[in-house]
Amino acid sequence: MGVSDLAGLAALPLLAGATPAQMEAIADAMAPGRAAPGEVLGQEGEPGEVFWLLVEGQVRVTCGQPPLERHLADAGPGSILGELALLRDQPRTATVTATGECCFWSGGREALKRLLEVEPVRTRLRLLASRRLAQDLRPVATTLKDGTAVLVRPLLAADREALDRALKGLSRESMRHRFFTAGTPSPALIDYLVDIDYVDHFAWAVLDAATHDGMATGRYIRDPGGDSAEMAFTTVDRYQGRGLGTFLLGALGVAAVEAGIGSLFAYTMDDNRAMRAVFSKADARASYDEPGLVHVSVDPHRAAALLAPAVRLSLASAVHDIVTAASLALA
């Protein structure tokens, strides 16, 4: 191992915050390597026993075989690759191929353990893992009470522009009920709404299965250091009245149960009769937090029970990796 190799490893943004002693421990558990253009670092379907930290060069991430091969992403210096297979103890779900001359460090379980012992690195890996799991999730297909076919999946960072358009298109009344003001959401607020870690901040998106237009979102944000989380719901005006509020309350209940959240709560305006009726279906406890503003508290299990068993099971299975594997595997 050369000095330049170790310097390249230590310079990776992912490892920022590691002490010299921690860096030495990480390097001792890893090995530097090189890959020629076209060389496969990891093959889809093989056991996930190694991960890579890319120092120089570019790689292509794909799944499937030609002619049905699908390009997933390109990755450059500073990227970590292959860690999800290790975290989940499952076969690789993608193939990683060098597109040019590459320099990297590779390691196994012991190396990953040493990375996770560095708190800032652990935090970055937890966020990266949960976001990758959310992006890989196949949407759950179901129908609303009026027969509308929908697709349900986690809200992604890539949804930012669509969410921005949807919020700006809300009526003043819908804006007031969602944000307690009729003002236009700021860019900073939109950024916050898509800056999701899927463990402490989780959000569902419901899409029209025919058009893939966004219909509604529902989210919870866990209180720091607690086991309760605040919910919020947004439904595009033309899709209101179709049961999306009830559906999303149930879907958030499913995610909260998987995440170990003990209580869900929300604030709603006294005149928002539609959402108050939704919460009452889950036997919510309501109290006035201040004049005109109602605080409701819901048991996540009661909320999840609003969904048909088959839908509940599908959502729980879909979200399990995101809200539990990312956090439990890093625990």
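About the criteria used
- Residues numbered from 1 in each chain as written.
- Predicted model: local features only at pLDDT ≥ 70, side-chain atom pairs only at ≥ 80, totals over all residues.
- Heavy atoms only, no water.
- Salt bridge = Lys/Arg side-chain N within 4 Å of Asp/Glu carboxyl O.
- Helix = DSSP H or I, 4+ residues; strand = E, 2+ residues; numbered from the N terminus.
- Buried < 20%, exposed > 50% of the residue type's maximum accessible area, 1.4 Å probe, protein only.
- 1 Å grid on protein atoms, 1.4 Å probe; cavity = no way out; pocket = protein on both sides within 12 Å on 5 of 7 lines; lining within 4 Å.
- Points joined across faces, edges and corners; volume = space filled by probe spheres on them.
- Nonpolar A, V, L, I, M, F, W, Y, C, P; charged D, E, K, R; others polar.
- Axes fitted to C-alpha atoms, helices over the stretch in contact; angles between N-to-C directions.
- Parallel < 35°, antiparallel > 145°, perpendicular 65-115°, else oblique.
- Left-handed = near helix turned anticlockwise from the far one by under 90°.
- Contact = heavy atoms within 4.5 Å.
- Phe/Tyr/Trp six-rings, centres within 6.5 Å; stacked < 30°, edge-to-face > 60°.

Draft legend 1. Region of the structure containing the pattern of salt bridges. This structure, assessed with the given rule, holds 16 salt bridges. Notably, a salt bridge pairs Arg160 with Asp191, separated by 2.6 Å at the nearest N-O pair. A residue pair is termed long-range when its members are at least 10 positions apart, and Arg160 in helix H6 (residues 160–168) and Asp191 in helix H8 (residues 187–194) qualify at 31 residues. What makes Arg160 partly exposed here is its relative accessible area of 24%. Among the residues examined, Asp191 registers a relative accessible area of 39% and is labelled partly exposed. When the shortest N-O distance is used, the salt bridge between Glu173 and Arg176 registers 3.0 Å. With Glu173 and Arg176 both in helix H7 (residues 172–179) and 3 residues apart, this pair spans about one turn of that helix. Under the relative-accessibility criterion, Glu173 is labelled partly exposed at 40%. Each of the salt bridges in this network shares a partner with another, and the network as a whole consists of Arg126, Asp197, Asp200 and Arg222.

Draft legend 2. Structural view of the layout of surface pockets. Estimates place the volume of the largest pocket at around 1300 Å³. The wall of the largest pocket is formed by 45 residues, among which Leu72, Leu84, Thr93, Arg132 and Asp136 lie closest to the centre. Among the secondary structure elements, those contributing two or more residues to the lining of the largest pocket are strand E4 (59–63), strand E5 (70–75), strand E6 (80–81), helix H3 (83–88), helix H5 (119–136) and helix H12 (309–328). Looking at side-chain class alone, the lining of the largest pocket contains 26 nonpolar, 8 polar and 11 charged residues. The calculated volume of the second largest pocket comes to roughly 820 Å³. Around the second largest pocket, the lining is made up of 36 residues, and of these His177, Phe233, Thr234, Asn272 and Met275 lie nearest the centre.

Draft legend 3. Expanded view of the packing of helix H9 (residues 244–259) against helix H10 (residues 273–281). Contact geometry of H9 with H10 gives a least axis separation of 9 Å together with a crossing angle of 45 degrees. As judged from the angle between their axes, H9 and H10 are oblique. For the crossing formed where H9 meets H10, the hand is right-handed. Taking contact as the criterion, the partners of Gly245, Thr246 and Leu249 in H9 are, on H10, Val278, Phe279 and Lys281. Looking at the contact of H9 with H10 residue by residue, the classes come out as 3 nonpolar, 2 polar and 1 charged.

Draft legend 4. Fine view of the packing of aromatic side chains. Throughout the structure, instances matching the rule amount to 5 aromatic pairs. On the numbers, 6.2 Å between centres and 80 degrees between planes, the contact of Tyr198 with Phe202 is edge-to-face. What makes Tyr198 buried here is its relative accessible area of 2%. The class of Phe202 is buried, set by a relative accessible area of 0%.

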